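The lines below spell out each chain.
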Amino acid sequence: MTNRFENKVAVVTGGCRGIGKSIVLKLASEGARVYALDFKIPDENEVFIEDSEIAKSVKCLQADVTNMQSIDKCFDTIIADAGRVDILVNNAGITRDNLLLRMTEQEWDAVLDTNLKGAFICTKVVSKIMISQRSGRIINIGSVVGSIGNAGQSNYSASKAGLIGFSKSIARELASRKILVNVVAPGYVRSPMTDSLTDEQKKAFIDNIPLKRIAEPEDIANAVAFLASDESSYITGQIIHVNGGLFM
Ligand SMILES: NC(=O)c1ccc[n+]([C@@H]2O[C@H](COP(=O)([O-])OP(=O)(O)OC[C@H]3O[C@@H](n4cnc5c(N)ncnc54)[C@H](O)[C@@H]3O)[C@@H](O)[C@H]2O)c1
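Residues numbered from 1 in each chain as written. Predicted model: local features only at pLDDT ≥ 70, side-chain atom pairs only at ≥ 80, totals over all residues. Heavy atoms only, no water.

Colleague: Any chance you could break down the overall build of the chain for me, citing the residues and the numbers?
Modeller: Counting its secondary structure elements, the chain contains nine helices and seven strands. Against the globule reference of 18 Å for 248 residues, the chain gives a C-alpha radius of gyration of 17 Å, in line with a compact fold. For the chain, the spread of C-alpha atoms along the principal axes amounts to about 45 × 40 × 35 Å. A burial count over the chain gives 47% of its 248 residues as buried. Across the chain, the fraction of contacts at a sequence separation of at least 24, relative to all contacts at a separation of at least 6, is 74%. Accessible area for the chain stands at about 12500 Å²; split by element, carbon and sulfur atoms hold 51% of it. (Helix = DSSP H or I, 4+ residues; strand = E, 2+ residues; numbered from the N terminus. Rg over C-alpha atoms; globule rule 2.2 N^0.38 Å. Buried < 20%, exposed > 50% of the residue type's maximum accessible area, 1.4 Å probe, protein only. Contact = heavy atoms within 4.5 Å. Areas by Shrake-Rupley, 256 points an atom, 1.4 Å probe, with all protein chains shown as cover.)

Structural data, given as structure tokens:
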């Protein structure tokens, strides 16, 4: 185990399953104290992290990223507990896929609220903390479809494209305070979000990927860890695509 994140405090939204959980494990395994914010947190009897050493560094907090009060409360708890926040990963995201003519206003709003407004709320709250620290890393989890679009995902693609414009604007606003803001844009990743696809849909995806496999959540976590580390101190306002060559 390396200690790239010793003495660092990280917050990962949607951190209790899928890609978010993998990011939590990666940062904690390299020394960070990590807060996983999620709608649905594991109950007391559930073994959330098997490695008991890593588990000691992770706390799950119930939160709704679409609700400013809920997020304010979480960050108050984190500051009272840990005193600082060095890394924010805006990972919480949902899909409500439908073709445009069938898409309801509710499906549109739910996806934009969670994926885009959620990142705005968490970034706004954490930026006050990071500005006073004069340092910080904000990493937003986008998607390849934010760059190339996808039939049936106009709401999701719009939210992820919006996240790119948001991230670049914030990167410019916060650069003078040494706060770096970047996007990691996954392609197709093995996770509960994609488990519901049929084998036929999965095969169609893989056929289009030059590396001929889907990503493991760890592939995404590795890119996030790089952007959270001292090794990326001259990188801001960028998108790192982690998609096996699907989009170049
Ligand atoms: N899985 C993929 O193939 C893929 C591809 C590209 C991008 N992404 C992005 O990666 C991120 C994680 O995806 P995943 O596949 O792990 O999804 P997932 O559905 O497995 O996990 C998402 C987590 O976010 C939480 N969440 C949802 N709404 C929330 C809210 N309002 N407040 C707090 N927590 C909330 C959920 O409870 C869940 O734990 C998302 O932003 C997603 O858009 C995923």
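Colleague: Which residues make up the site of the ligand, and what values go with them?
Modeller: Around the ligand, a shell composed of 28 residues is seen, among which Arg-17, Asp-38, Asn-91, Tyr-156 and Ser-191 lie nearest. Taking Asp-64, its side chain carries an N or O atom lying 3.0 Å from a nitrogen atom of the ligand. In the environment of the ligand, a nitrogen atom lies 3.0 Å from a nitrogen or oxygen atom belonging to the backbone of Val-65. Burial of the ligand by the surrounding chains reaches 94%, relative to a free accessible area of 830 Å². Of all the secondary structure elements, the ones that give two or more residues to the shell around the ligand are α1 (18–29), α6 (154–174) and α7 (192–195). Top element by residues in the shell around the ligand is α7. It accounts for three residues. (Near = heavy atom within 4 Å. Polar contact = N/O pair within 3.5 Å; in protein donor to acceptor, adjacent residues only side chain to side chain.)

Colleague: Lay out the pattern of salt bridges in plain terms, naming residues and giving numbers.
Modeller: Any two side chains of opposite charge can pair, given that their charged atoms come close. With the rule as written, the count across this model stands at 10 salt bridges. Taking the shortest distance from any N to any O, the salt bridge between Lys-26 and Glu-30 comes out at 2.9 Å. Looking at Lys-26, the relative accessible area reads 21%, which means it is partly exposed. Taking the shortest distance from any N to any O, the salt bridge between Lys-59 and Asp-81 comes out at 2.7 Å. With Lys-59 in strand β3 (residues 58–62) and Asp-81 in helix α3 (residues 68–82), the pair connects residues that are 22 residues apart, well separated along the chain. (Salt bridge = Lys/Arg side-chain N within 4 Å of Asp/Glu carboxyl O.)

Colleague: Explain the packing of helix α4 (residues 105–133) against α6 to me, using residue names and the numbers behind them.
Modeller: Where α4 contacts α6, the axes come no closer than 8 Å and their chain directions differ by 15°. By the criterion of interaxial angle, the relationship of α4 to α6 is roughly parallel. Between α4 and α6 lies a crossing whose hand is right-handed. Judged by residue contacts, Glu-107, Trp-108, Val-111, Leu-112, Asn-115, Leu-116, Ala-119, Phe-120, Thr-123, Ser-127 and Ile-131 of α4 engage Ser-154, Asn-155, Tyr-156, Ala-158, Ser-159, Lys-160, Gly-162, Leu-163, Phe-166, Ile-170 and Leu-174 from α6. Considered class by class, the residues forming the contact of α4 with α6 number 13 nonpolar, seven polar and two charged. (Axes fitted to C-alpha atoms, helices over the stretch in contact; angles between N-to-C directions. Parallel < 35°, antiparallel > 145°, perpendicular 65-115°, else oblique. Left-handed = near helix turned anticlockwise from the far one by under 90°. Nonpolar A, V, L, I, M, F, W, Y, C, P; charged D, E, K, R; others polar.)

Colleague: Requested: an account of the sheet that holds strand β5 (residues 136–141), with residues and values cited.
Modeller: With parallel pairing, the seven strands of this open sheet are ordered in space as β3-β2-β1-β4-β5-β6-β7. Every interior strand has two partners, whereas the edge strands, β3 and β7 (239–242), have only one. Taken over all neighbouring pairs, the strand axes of this sheet differ in orientation by 20° on average, direction set aside. Relative to strand β1 (residues 9–13), α1 is tilted by about 170°, and along the sheet it contacts β1, β2 (33–38), β3, β4 (87–90) and β5. Sheet strands touched by α4: β1, β4, β5 and β6 (179–186). Its angle to β4, the strand with the most contacts, is close to 175°. (Pairing = 2+ DSSP bridges.)

So far we have only geometry, and geometry alone does not tell us how the molecule works.
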